[in-house]
Every structure is written in C-alpha cells, then in structure tokens.
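Structure assessment
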Amino acid sequence: MVRIMKLLTRDERPPGEEPVSDLVPEPEVSRAKRVRVLLAAACAPLLFSYTAVATVLAAVAFAADRSRFSTTGALRAAGPGWLASWQVELELGGHPLGVLPLLPTLGVVWFTARTAARAVRRIGGRTPSDALPVVVVIAAAHALFGVLIALLAGGSPVQVNPLTAFCVPGLIAGLAAVAGTVKRCGLPATLRNRFDPVAVHGLRTGAFGLAAMVACGAAVFTAATAVSWSTVDSLVEPGLGASSGQFVLSVAYLPNAVIAAMSFTTGPGFSVGSLTVGMFGYQEGRLPGVPVLAGIPSHHAAWWPALLLLPALVGALVGWKIRAIDEDPMLRMRAVVVAGAFVAFGCVVLGTLAGGRLGDGPFDPVSVPVGVASVIVFCWIVIPGGFVAFFAGAHEPPEPPGFVEDADAAVETDEQAVETDEQAVESEEDEAELAPEAELDDEFEDEAEAELARELGEDLDETPAEIEAEAEPEQDIAVTESTEGSGDESAPGGDR
C-alpha cells in the first residue's frame, strides 16, 4: 500500500525545477493591519521631529547660565520650533522671522521619506495607487498638527499664521513621502518609459550638476571659515550655555550659509541687511555675531573672479556626462539645456529657502537674488556644457571627395537614377511578359511553315507524275497516228 501511494504521489518533474503552482502568492494585507500601518506612518514623523526639537531646546536651556529649566516651557517652545523646522514663518513679538534653519528641515524630510517607504513596503504596495493613501495620510497629519500648534500659540509672544501652518508642513511632508515611495512603487521606470530619453538623461545630469554646485559652495565656505578661524574664536562667547547655543545655531544654519556661498561662487552673491557680497561688487554693512558668518570677508579682493572656474568646471562636467548619450549633436545640446533648466530651478528653490526676513533691524532681510542667480547658473551649465557635449561627442563621418557638392543636384541625380532603374525594371518585366507570347508565335509560325511545306511537297510530288502520266498517252497517240498515216500512204502506193 505504501508503494502504491508513493507511485501515485511521485513527482515526475526533473530535479531543480519548481512548478508554477508551487509559487505561493503574497498574502493579502488585512484591513486592520493597513489601518495600523497608516496611523504609524502619520504619527512617527510627528513624534520624531517634535521630540528632537524639544530635546535640543531643553539641552540648550539646561546648559544656559542663569536660566530656570522647565519641562513644560521646553515642550511649549518645541511647538514653534517644530514649525520652524518645517519652514513656517514665525513672528516673535511682532517681528517676522523668515530666515529659518535648513538642517532640521533636511532631517525631518529624510525621516518622513523613510517612514513612507517603510509603510508602503509593509502594506505590500507595488504601484503609485498603493502609495497614495500613505502620502495623503502623512501630509494631512502634518497639516493638522501645524494648525493645532498655531492655534495653541495664540496669545503667546510667538505668533503663527494658521493658513501657513496648515499648508507648508502638509506640502513639504507630502513631497517627502512621495520621494520616499517613488522608487518602491516603480515610478522611475514608468517615467523613463513615458518621457523622452534625452530629457530623462538631462534631468539626471541636472541633478548631478546641482549637487556639484552645492559642493562648490561648501568648498568655498569651508575654505573661508578655515582662513577666518581667528574670527570664529573671537565670536564664541565664554561659558558653556552661551557657547552651546551659538554652536547649535551655527550648525542649524550651516546649509543656509553653504547656499549663500554657492550664490557667491556663481557670481550674483548674497546680502545680509545692508551688507552685499558679490563677485564684482561689495558693500559694507553689519553682521550678526554668530560663528557661521565669520568667513564673510570684510572687503573686496581682486582674485575673487578666479572662483568662477568652479561653476565653469561644473558645466564642463555636465557636458562630459552628456557627450555619449546620442550620436546627434543637437540631441546632446537639448539634454544640456534640460540639465541647465533643472539646475536653475533648483537654485531658485534653495535660494528661496535659505533667505527671508530677520526681524526689522539692521540684518533684515537675508536674501539671495534667485532671479539673477538662476539665469547665471543656467548659462554656466549650458555654455561650457554645450561646448563639451557638442565637440567631445560622436559626429557623423564626412562625405568622401567624389560626391556632388550641391545637395539639390545630388538629390536630382539620385532621383533620375532611381527613375532609370525603375524604367529598366519595367522594360525587363514587359520583356519577361512578352517572351512567352513571342515563343508561342514562333512555334505557330514554324508549325504553319512545316504544314505548308508538307502540303507543297505533296503537291510537287503528285503533279509531275500526273503530267508524265498524261503526257505519255499523247505521245503514244501521236506516234500511232503518225504510224497509221504513214502506213496508209504507203499502201496505196504499193498497190499502184
């Protein structure tokens, strides 16, 4: 019995080959688990960002001299700090504060993107429609939390516009969630299939160019800060509390300083109140006493234009990366233009986020001329990048020296040759069609001639025989008559 069961259940497949029916599909996520995942995705970035801001503020307040630490005060102060980390403009005692630190923003955006990606993976999302609930829930949670903080801050020295507190955190959190789920849901492959490949290469190279521009700004900022280290040391106040506060403030505003240095490296420069620092112009003014601004020079230098080699080098690198995408130089130039437009748009966004209002005092406003900077950065990418992409890439081989120089004449000659070939082919086809008929006619003519020859031959053979047959009796008659006549004539004479 056991042997019979083994024979009945024996697997006849070759070893190593699995049947399709054995592939177990992924289990469908239950509704309860989906709800839990969405709630976790909505609350986790809020708790992380709020806790991080509250922890930093509590540490600074605890280390400050002659200050009374209060947990309730730290938690209440973390609300406006949370809004500042999401780039929501605040009002401190009626004075606007729009220059907000970018480093906390980068941190909360990164964490939100990772949370969204993890949530989509847990619910088994594979398409953009699967990621849509995660994005909507995260954006709505941040928007509602921003409105709640704005309403709770009413009557305090820190005022927030509720509409701004609703829109800005929701928009930034939604974009971060999209960035986190875009790869998981296969959206890059879909965009590559639907968009022009040249434009896709241009966007990808533009992202590289924007990162390279930011790296140039970071290099210039680092060098300027290192040269001015004595000024940095003099700006640090004694005491653990004051120095720690300055350190946290400088680190938080470090990306803002890098973007300002990038604008200076490309040419337009930046301004802090009445102070204007540009590649070809300088206007003196007061500066806040924070170490992050210690590298700003106090006067113009003649060697500054040499720094323009950095953005030119970035443009050349962009062209070098595009040189091999296609053999047509015009397509490569179009990719360079797309890359330049992407870098220019990125500089507008970064310059807008890096600047803003800074009270109503001598340091207001802090700004980067985003309009001029975008045009100049576009030129830095397109001009050297287009030159390198055009001349360093492949070109069509030159025409050999036997061809007609005039293109129209060459085209007419080719058309005439084609017409001649067509006529020759048609004549050959006509001859091929008439050849069987001509052969038939020749056969008929040969047969007719043969029949005529046979008929004529028979007639020729019969006619001489008849003539001879008819001629022989006449001769016999003639001979007989002559013989008879001669006998009659001789007879009487004999009788006589």
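Residues numbered from 1 in each chain as written. Predicted model: local features only at pLDDT ≥ 70, side-chain atom pairs only at ≥ 80, totals over all residues. Heavy atoms only, no water.

Comments concerning the sheet that holds strand 5 (residues 275-277)
This is how it is decided: A pair of strands is treated as paired once DSSP finds two or more bridges between them. Here a strand is any run of E in DSSP of at least two residues, a helix any run of H or I of at least four, and the numbering for each starts at the N terminus.
Read from one edge to the other, the open sheet built from four strands follows the order 6-5-4-7, with strand pairing classed as antiparallel. Looking at which strands have only one partner, the edges of the open sheet turn out to be strand 6 (282-283) and strand 7 (366-367). Relative to strand 7, strand 4 (residues 270-272) is paired through two bridges, and the arrangement is antiparallel. By the bridge assignment, S271 is partnered in strand 7 with S367.

Observations concerning the pattern of salt bridges
Our working rule: Any carboxyl oxygen of Asp or Glu within 4 Å of a side-chain nitrogen of Lys or Arg constitutes a salt bridge here. Remark: exposure states derive from per-residue accessible area (1.4 Å probe, protein chains only) relative to the maximum for the residue type, with buried under 20%, exposed over 50%, and partly exposed in between.
According to the stated counting rule, one finds two salt bridges in the structure shown. Among the ionic pairs, R334 bridges to D196, the shortest N-O distance being 2.3 Å. With R334 in helix 13 (residues 329-354) and D196 in the loop between helix 7 (187-194) and helix 8 (197-227), this residue pair connects regions lying 138 residues apart in the sequence. R334 sits in the partly exposed class, given a relative accessible area of 40%. Since its relative accessible area comes to 31%, D196 is described here as partly exposed. Residue D364 is joined to R357 by a salt bridge in which the shortest nitrogen-to-oxygen separation is 2.9 Å. A relative accessible area of 34% places R357 in the partly exposed class.

Looking at the side chain of S250
Selection rule: Whether two residues are in contact is decided by their heavy atoms: any pair within 4.5 Å suffices.
Topologically, S250 is positioned in helix 10 (residues 240-252). Residue contacts for S250: discarding those within four places in its chain leaves P291 and V292.

Some points on the nonpolar core
Which entries qualify depends on this criterion: The nonpolar core is taken to be a set of buried Ala, Val, Leu, Ile, Met, Phe, Trp, Tyr and Cys residues, with the residues joined through side-chain atoms within 4.5 Å.
M213, F264, F270, V277 and V343 are the most contacted members of the largest nonpolar core, which has 46 residues in total. Residue assignment for this core shows that the elements contributing at least two residues are helix 8, helix 11 (254-266), strand 4, strand 5, helix 12 (309-322), helix 13 and helix 14 (370-392). Among all residues touching V343, those that are not within four sequence positions of it are G206, G209, L210, M213, V377 and I381. Counting 32 residues, the second largest nonpolar core, distinct from the first, contains V37, V88, A116 and I149.

Remarks on a nonpolar patch on the surface
We count it as follows: Here a patch means residues that are over 30% exposed by relative accessible area and free of salt bridges, tied together within 9 Å if like-charged and within 5 Å if nonpolar (Val, Leu, Ile, Met, Phe, Trp, Tyr). Computed with a 1.4 Å probe, the accessible areas rest on the Shrake-Rupley method; for each residue, only the protein chains presented here act as cover.
On the surface, a cluster of nonpolar side chains totalling about 490 Å² of accessible area is made up of V56, L103, L106, F247, V248 and V251. Where the nonpolar patch is concerned, the elements lending two or more residues are helix 4 (103-122) and helix 10. Residue contributions to the nonpolar patch peak at three residues, all from helix 10. With respect to the element layout, L103 can be found in helix 4. Overall, the relative accessible area of 37% leaves L103 in the partly exposed class.

Examining helix 4
Keep this limit in mind: Working rule for helices: expected span equals 1.5 Å times residues minus one.
Compared with an ideal rise of 1.5 Å per residue, which puts 20 residues at 28 Å, helix 4 spans 29 Å between its outermost C-alpha atoms and is within 8% of the ideal. Within helix 4 the residues assigned to the buried category are T105, V108, T112, A113, T115, A116, A117, A119 and V120. Of the surrounding elements, those touching the buried residues of helix 4 are helix 2 (31-63), helix 3 (71-85), helix 5 (128-152) and helix 6 (162-181). A positive phi of about 75 degrees marks G124, the residue just after helix 4.

Comments concerning the environment of V135
Note that V135 resides in helix 5. Distance from V135 to A116, taken between C-alpha atoms, is 7.2 Å for residues 19 residues apart in sequence. Aside from chain neighbours lying at most four places away, what touches V135 is G174, A177, V178 and T181.

Here we look at the environment of L249
Mapped onto the fold, L249 is located in helix 10. In sequence terms L249 and V292 are 43 residues apart; their C-alpha atoms lie 8.4 Å from each other.

Considering unusual backbone geometry
That bond from D364 to P365 is cis: its omega, -5 degrees, falls within 30 degrees of zero. As for its position among the elements, P365 is in the loop between helix 13 and strand 7. Its identity is not glycine, yet Q87 carries a phi of approximately 65 degrees, on the positive side. Mapped onto the fold, Q87 is located in the loop between helix 3 and strand 1 (90-92).

Considering the sheet that holds strand 1
Strand order across the open sheet formed by three strands is 2-1-3, with antiparallel pairing between neighbours. Edge positions in the sheet fall to strand 2 (95-97) and strand 3 (158-159), since each of these pairs with one other strand and no more. As defined by bridge partners, strand 1 adjoins strand 3 across two bridges and the pair is classed as antiparallel. The partner of L92 across the bridge, within strand 3, is V158.

Some thoughts on the packing of aromatic side chains
Short version of the rule: Between 30 and 60 degrees the pair is tilted, below 30 it is stacked and above 60 it is edge-to-face, where a pair is any two Phe, Tyr or Trp rings, Trp via its six-membered ring, whose centres lie within 6.5 Å. Both a distance and an angle decide whether a charge sits over a ring: NZ of Lys or CZ of Arg must be within 6 Å of the ring centre and within 35 degrees of the ring normal.
For the coordinates displayed, the defined rule picks out eight aromatic pairs. Ring centres of W82 and W86 lie 5.9 Å apart, and the angle between their planes is 50 degrees; this geometry places the pair in the tilted category. Centroid distance W82 to F145: 4.9 Å. Interplanar angle 85 degrees. Geometry classified as edge-to-face. Taken together, the positions of W82 in helix 3 and F145 in helix 5 put the pair 63 residues apart, joining distant regions of the chain. Of the aromatic side chains, those joined through ring pairs into one cluster are Y50, W82, W86 and F145. Over the aromatic face of F208 sits the side chain of K321, whose NZ or CZ is 5.0 Å from the ring centroid. The ring of W320 has R323 sitting right over it, with the charged end atom 3.8 Å from the ring centre.

Nothing here speaks to function; it is all geometry.
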